[in-house]
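Structure at a glance
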Amino acid sequence: MRSGDILRLLDLSKFEQHRRVAGTGASMRANIAAMVLLGLLVFVATEDFSKLEQSNLCLQNSECRN
């Protein structure tokens, strides 16, 4: 086999597909909204785990403070 044939066999550009160009403004807003939602969910989970830990300590020490 010649080197040109090998290069043609190894050329993967025939399998590439062109990506559809999306509006960058809309996708950027969607990404920012997703990050804000994720941050809010992490904050809520942190607060819930904090309350759970506090109630667990309260049950172990029998000293409940509200």
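Right, let's walk through the structure included here. These figures come from a predicted structure and were not determined experimentally. (Residues numbered from 1 in each chain as written. Predicted model: local features only at pLDDT ≥ 70, side-chain atom pairs only at ≥ 80, totals over all residues. Heavy atoms only, no water.)

Within the protein, the regular secondary structure consists of 2 helices and 0 strands. Burial analysis of the protein (66 residues in total) assigns 3% to the buried set. (Helix = DSSP H or I, 4+ residues; strand = E, 2+ residues; numbered from the N terminus. Buried < 20%, exposed > 50% of the residue type's maximum accessible area, 1.4 Å probe, protein only.)

Turning our attention to a nonpolar patch on the surface. A grouping of L37, L40, L41, F43 and V44 is seen on the molecular surface, where their side chains present a nonpolar patch of about 490 Å² in accessible area. Within the fold, V44 resides in helix 2 (residues 24–61). (Patch = residues over 30% accessible without salt bridge, like charges linked within 9 Å, V, L, I, M, F, W, Y side chains within 5 Å. Areas by Shrake-Rupley, 256 points an atom, 1.4 Å probe, with all protein chains shown as cover. Salt bridge = Lys/Arg side-chain N within 4 Å of Asp/Glu carboxyl O.)

Tallied over the entire structure, the rule returns 1 salt bridge. With a shortest N-O distance of 2.5 Å, D5 and R8 are connected by a salt bridge. One end of the pair is D5 and the other is R8, both in helix 1 (residues 3–10) and 3 residues apart, which spans about a single turn.

Limitation: the analysis is restricted to geometry and does not speak to function.
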